[in-house]
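The chain contents come next:
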Amino acid sequence: MKKIIFFILITAPFFPQAQDTGMIFQRGSSWKEIQEKALKENKYIFMDCFTTWCGPCRYMSTTIFPMQRVGEFMNEKFIAVQVQLDTTKTDNDSVKAWYQTGHDIAQEYNVIAYPTYLIFDPNGTIVHRFVGSSPPDLFLAEAKKSLIPDSQYYRLLTRYNEGDRNPAFLRLVVSKAVEAYDLENAEKIGNEYLSSRKNLYTRENLALIKELTN
């Protein structure tokens, strides 16, 4: 028995960090309750949209989110929630309670890549999104950008919807839409930008066509 305890003590530093050292995700709360909590605490909302079959999603949940330095920043700035967007036979009541809300959110914001992270301000208004698995430094850098108005993807979309058609701005929005995997808006705005170009065969325009081709 003493040998077992000794083995645990000397190998403990090599075990994954406990979840309570990393990001704290709200469990058992409704979307309305999470919005109310964010408003009360004046924090942004970080929504991790994932599926159970997604390898990058599992990597983020088991490796990145539990990191202490990730948790220190994210817990200070965000109310975090994970939303499962597929269904399985083993789903518990908490997951099932989010089925309709998750479906509505995925449809409204065209979530088709996993993981997709949706960022809402304290008032519950969506302001940013980013996608995919990444090392902690890159993940935190993107999370920090989501707090800066000029870097927020949906703020750019608002400018576009309000009529800003400056060519340089359109080009920027298209690139940001591709990065955010918002392919519907990327295609729409990209085609609008390209249709206004007199010469499609410039280096810049060909690069954009490549971005939009899949």
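Quick summary incoming for the structure in this document. (Residues numbered from 1 in each chain as written. Predicted model: local features only at pLDDT ≥ 70, side-chain atom pairs only at ≥ 80, totals over all residues. Heavy atoms only, no water.)

1. Topic: the state of the cysteines
Logical step 1: A full pass over the atoms with the stated rule returns one disulfide.
Logical step 2: Here Cys54 is linked by a disulfide to Cys57, with a sulfur-sulfur distance of 2.4 Å. Looking along the S-S bond of the Cys54-Cys57 disulfide, the torsion reads about 85 degrees, which is the right-handed sense.
Logical step 3: What makes Cys57 buried here is its relative accessible area of 4%.
Logical step 4: Counting only cysteine sulfurs, Cys57 is the nearest neighbor of Cys49, a cysteine outside any disulfide, at a range of 9.5 Å.
Logical step 5: Judged by its relative accessible area of 1%, Cys49 is buried. (Disulfide = S-S within 2.5 Å. Buried < 20%, exposed > 50% of the residue type's maximum accessible area, 1.4 Å probe, protein only.)

2. Describing unusual backbone geometry
Generally, phi is negative for residues other than glycine and the peptide bonds are trans, each holding for most cases.
Logical step 1: In this structure, the amide linkage connecting Tyr114 to the following residue, Pro115, adopts the cis form with an omega of -5 degrees.
Logical step 2: With respect to the helices and strands, Pro115 occurs in the loop between α6 (99-108) and β3 (116-120).
Logical step 3: Even without being a glycine, Asn42 presents a positive backbone phi close to 55 degrees.
Logical step 4: Examined against the element boundaries, Asn42 turns out to sit in the loop between α2 (31-41) and β1 (44-50). (Helix = DSSP H or I, 4+ residues; strand = E, 2+ residues; numbered from the N terminus.)

3. Quick notes on the environment of Lys77
Logical step 1: With respect to the element layout, Lys77 can be found in helix α4 (residues 68-77).
Logical step 2: Among all residues touching Lys77, those that are not within four sequence positions of it are Lys43, Tyr44 and Leu147. (Contact = heavy atoms within 4.5 Å.)

4. Some details on the nonpolar core
Across soluble globular proteins, nonpolar side chains show a tendency to be buried alongside one another.
Logical step 1: Ranked by internal contacts, the top residues of the largest apolar core, which has 33 residues, are Trp31, Met47, Trp98, Tyr109, Leu118 and Phe120.
Logical step 2: Elements with a minimum of two residues in this core: α2, β1, β2 (78-84), α6, β3, α8 (153-161), α9 (167-179) and α10 (183-195).
Logical step 3: In this structure, Phe25, Phe73, Met74 and Ala80 belong to the second largest nonpolar core, which totals 19 residues. (Core = buried A, V, L, I, M, F, W, Y, C linked by side-chain atoms within 4.5 Å.)

5. Points about the pattern of salt bridges
Logical step 1: Per the counting criterion, the structure on display carries nine salt bridges.
Logical step 2: Where Lys77 meets Glu76, a salt bridge forms, and the shortest distance between an N and an O atom there is 4.0 Å.
Logical step 3: Exposure remark for Lys77: the relative accessible area of 33% places this residue in the partly exposed category.
Logical step 4: Residue Glu76 is classed as exposed on the basis of its relative accessible area of 52%.
Logical step 5: Between Asp164 and Arg159 there is a salt bridge, with the nearest N and O atoms lying 2.6 Å from each other.
Logical step 6: One network of salt bridges, in which partners are shared, links Lys37, Glu41 and Lys43. (Salt bridge = Lys/Arg side-chain N within 4 Å of Asp/Glu carboxyl O.)

6. Observations concerning the packing of aromatic side chains
Logical step 1: All chains considered together, the criterion is met by 18 aromatic pairs.
Logical step 2: Both rings, one in Phe46 and one in Phe65, keep their centres 6.1 Å apart while their planes meet at 85 degrees; by these two values the pair is edge-to-face. With Phe46 in strand β1 and Phe65 in the loop between α3 (55-64) and α4, the pair connects residues that are 19 residues apart, well separated along the chain. Phe65 shares its class with Phe46; the two are buried.
Logical step 3: Ring geometry for Tyr117 against Phe139: centres 5.8 Å apart, planes inclined by 75 degrees, an arrangement best described as edge-to-face. Within this pair, whereas Tyr117 is found in strand β3, its partner Phe139 is found in helix α7 (residues 136-145), the two being separated by 22 residues in sequence.
Logical step 4: Judged by relative accessible area, which is 1%, Phe139 ranks as buried.
Logical step 5: Through successive ring pairs, a cluster of aromatic residues spans Phe25, Tyr44, Phe46, Phe65, Phe73, Phe78, Tyr117, Phe130 and Phe139.
Logical step 6: When the ring centre of Phe73 is taken as reference, the NZ or CZ atom of Lys144 above it lies at 5.4 Å.
Logical step 7: Taking the ring centre of Tyr160 as reference, the NZ or CZ of Arg165 above it sits at 3.9 Å. (Phe/Tyr/Trp six-rings, centres within 6.5 Å; stacked < 30°, edge-to-face > 60°. Lys NZ or Arg CZ within 6 Å of the ring centre and 35° of its normal.)

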